[in-house]
2 protein chains.
Amino acid sequence: MTNDQLTLMDDHDPLATKYADFELPTDIVYLDGNSLGCLPRTARQRAREVVEQQWGQDLIKSWNLHGWIDLPVHAGDKIARLIGAASGQTLCCDSVSVNLFKLLSAALMMQNGRNVVLSQQGNFPTDLYMVQGLGNLLGSDKCTLRLADDDDDLESNMDDDVAVLLLSHVNFRNGTLYDMKKITAQAHARGILVIWDLAHSAGVVPVQLDECHVDFAVGCGYKYLNGGPGAPAFLYVAARHQGTVTQPLSGWMGHQAPFDFDNKYERAAGISAFLTGTPPVVSLSILDAALDVFADIDMLAVRKKSLALAALFMQLVEQMAGQTPAMSALVLISPRDESMRGAQLAYRHPQAFEICQALIAHGVIADFRAPDILRMGFSPLFLRYADIARSVQVLTTIMRDELWRDPAFAVRHKVT
Amino acid sequence: MTNDQLTLMDDHDPLATKYADFELPTDIVYLDGNSLGCLPRTARQRAREVVEQQWGQDLIKSWNLHGWIDLPVHAGDKIARLIGAASGQTLCCDSVSVNLFKLLSAALMMQNGRNVVLSQQGNFPTDLYMVQGLGNLLGSDKCTLRLADDDDDLESNMDDDVAVLLLSHVNFRNGTLYDMKKITAQAHARGILVIWDLAHSAGVVPVQLDECHVDFAVGCGYKYLNGGPGAPAFLYVAARHQGTVTQPLSGWMGHQAPFDFDNKYERAAGISAFLTGTPPVVSLSILDAALDVFADIDMLAVRKKSLALAALFMQLVEQMAGQTPAMSALVLISPRDESMRGAQLAYRHPQAFEICQALIAHGVIADFRAPDILRMGFSPLFLRYADIARSVQVLTTIMRDELWRDPAFAVRHKVT
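Residues numbered from 1 in each chain as written. Chains lettered and ligands numbered in written order. Predicted model: local features only at pLDDT ≥ 70, side-chain atom pairs only at ≥ 80, totals over all residues. Heavy atoms only, no water.

A. Highlighting the sheet that holds strand β14 (residues 367–369) of chain A. Residue and element names in this part refer to chain A. The antiparallel open sheet is built from 4 strands, whose spatial order is β11-β12-β15-β14. Of all the strands in the sheet, just β11 (331–332) and β14 have a single pairing partner and so form its edges. With 5 bridges joining them, strand β12 (residues 344–348) and strand β15 (residues 373–377) adopt antiparallel strand pairing. Note on β15: the bridge partner recorded for tyrosine 347 is leucine 374. (Pairing = 2+ DSSP bridges. Helix = DSSP H or I, 4+ residues; strand = E, 2+ residues; numbered from the N terminus.)

Shown next, in the form of structure tokens:
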């Protein structure tokens, strides 16, 4: 691939203008948008505004004046558009873990007599931990976790004990994309409610929650949605369930009239009943502003580019493996079939940790997942084709010259 | 009270220098620090840093580089100093509501055979709602809320069914301060665990959690701690309980090795087991910076000044009532006895809402609590004695000239 060819690809990229919407560090290729998205200019501006003007000057009046009170629903509706949800079913609040607890409890309360939450070995651990925590609280006769192997046919695990199917739309390690429509229908046919975790798909893979008749979903604000570190998460409750379902984290923000200060909890109408405490206004405002980057974006174009970036990465790695034997030690564990893959690629290598550290030291930010996975995320709003070529070039040098052998790259950190 | 006298009081105020640590709107007296504290300069600076440098430039590396991963414990330990807690027992995370759910569940799991959570009618509603939510989930045989009248002798309600006593240290409406040491001891004598809600005392009333042998506590980051709108809350778990107690919101941040991505939850040692999801780093960093304002502060000096500010307010209101009969319609419902009062004063008036709106329009920010309470908070780090005199002057004009009758002041807002 020549530089001219890369320039041509970037010149013809319909999402190229989005690059300017981000504050990016110079001289870095950032392949970690699947872990923490980059800073949108709108978010930077809004952070100053909410801290310095709204909090600093307008103080308590801002709850009404600047619509702080509506932010969870307002930001939720911006996400709704990206995940195929009609308005009024999505909220921004709390963390994925806390939101999962609400939805798991709500779903189990709807499923009298069934106690199994079915998930996969490879699901993101916090999802599994929340089921375990709820099971400890309720007892295993009310809630117990069953884990299928990732390669198992899920359908064969869907028996009459299964109350809830809890799945990640995209596997966080290898990037496998699951067929939401098919699996949801299989579960429903057996009376099972479905919770999808969209952490690795929202904002990068087109999602059709309403069309797939999904019951519940959660997702992450700080990955492909670029909402900032620890941005509030989101949750989705299908409109058809909102009238009947209850959730146990019934804090004052989910009350129908929080400022009446009644002693008895009366849940709000609609999705707001899934709110709990006072929202983290600063973090939530930043996410709300970050979502404006998506306002004029077609998710199909996003998908197309993320697949093209990944395809280019794969192609160049394979090309280099022909010339640089050390490169062939990187074993792709993501599906080659695009229709079965999210927006990331994962390679296995015994020294994945050290290779990742070497990449970072050379300006290519990827990430490592224990025990031996090197993970690259292709966030198409701030990545250019030329960046991909550069990252493979750097990777090749590191592998060829065994730069990862530098003992500095073996130092383990708190967060890996 | 002459202007000279007020100037003298401000000149002799040992906390006067703290005024310059805040970014305050000009021409406003802010008596609502009990609802949302003002913006410390340290917090303003840190907000820019965490968004623009740490997120924008250092991106994912910041988890290690800027200690994001340690923030919940780090900020928790800054609060610990203010609430009489030895290090390692306090965490900043989630909301008060969510944290209460963790602690209520944990406490009930310790109290086999007892199912009652005892609280007061006048406790802050979200505290009561969380008990109701947990009761719905577990069934009333496992968790049921019993409410004593605020004037009731709590001890007479402490029977063998009571598992947990859940109380606010300072009542959010009238400012009554409860005797933590005495009540905790009474509860313990009957085998009852105690959860204190410090929302209206942390940062303004000296608290001695360890000395009072308190079991659990929660508190608010955005009131007297000035952590910003919707700042993360905090929770306290006495060291003696940490080895045995479990909590159901067992997310990955509470795992002993979150980045091993094991499927089985193994709780972290110590207080970290009470963490759940990814923390809202921006909001949490701002709170962490805001807490530095307290680094060199003696809580006894804070208490002394907040009482002196309130005493001045009361005294001036009573003085004005002698000259302006309309002022006597404001009926103080806070305890006159300082030892029984937090850092606020509450007055009852049938037109409290309109009076509050008129005050705000005239530059004195107080707040209203349904149905008829006008509430003033005396946050001593950014209030001067001269401000108090000015606020009473404005209030007197509003009452004397019935300025609150302006129909504009009757318009109800979403947040009151």
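B. Structural context of the pairing of strand β5 (residues 116–120) of chain B. All names here are of chain B. Counted residue by residue, β5 has 5 buried out of 5 residues, so it is predominantly covered. Burial of the side chains of β5 extends over both faces: Val116, Leu118 and Gln120 are buried on one face and Val117 and Ser119 on the other. Across 5 bridges, the pairing between β5 and strand β6 (residues 144–148) is parallel. Considered in β6, the bridge of glutamine 120 is made with alanine 148. (Buried < 20%, exposed > 50% of the residue type's maximum accessible area, 1.4 Å probe, protein only.)

C. A look at the pattern of salt bridges. The full count for this structure, using the stated rule, is 48 salt bridges over all chains. Residues B:Arg336 and B:Glu318 are paired through a salt bridge, measuring 2.7 Å at the closest nitrogen-oxygen approach. Of this pair, B:Arg336 sits in the loop between β11 (331–332) and β12 (344–348) while B:Glu318 is found in helix α10 (residues 299–323), placing the two residues 18 residues apart along the sequence. Exposure remark for B:Arg336: the relative accessible area of 52% places this residue in the exposed category. For B:Asp387, the salt bridge identified is with B:Arg384, shortest N-O distance 3.1 Å. Note on B:Arg384: relative accessible area 33%, which makes it partly exposed. Bridged by salt links that share partners, the residues A:Glu23, A:Arg41, A:Arg44, A:Arg48 and B:Glu52 form one connected network. (Salt bridge = Lys/Arg side-chain N within 4 Å of Asp/Glu carboxyl O.)

D. Examining the interface of chain A and chain B more closely. Counting from both sides, the interface comprises 90 residues of chain A and, opposite them, 90 residues of chain B. Interface of chain A and chain B: buried area, both sides summed, is about 7,400 Å²; carbon and sulfur atoms make up 66% of it. Area buried by chain A at its contact with chain B is led by A:Trp55, A:Tyr129 and A:Phe261, which between them contribute 11% of it. Here chain A is connected to chain B by 6 salt bridges. B:Arg48 is the partner of A:Glu52 in a salt bridge, and the nearest nitrogen-oxygen pair spans 2.8 Å. Between the two partners, chain A and chain B, sit 35 residue pairs in polar contact (both at pLDDT 80 or more). For the side of chain A that touches chain B, the secondary structure elements donating two or more residues are β3 (39–40), α2 (41–58), α3 (62–65), α5 (96–110), α6 (125–138) and α9 (281–290) of chain A. It is α6(A) that contributes the most residues to the side of chain A that touches chain B, 11 residues altogether. Residues of the side of chain A that touches chain B, tallied by class, amount to 47 nonpolar, 29 polar and 14 charged. (Contact = heavy atoms within 4.5 Å. Buried area = accessible area lost by both parts, 1.4 Å probe. Polar contact = N/O pair within 3.5 Å; in protein donor to acceptor, adjacent residues only side chain to side chain. Nonpolar A, V, L, I, M, F, W, Y, C, P; charged D, E, K, R; others polar.)

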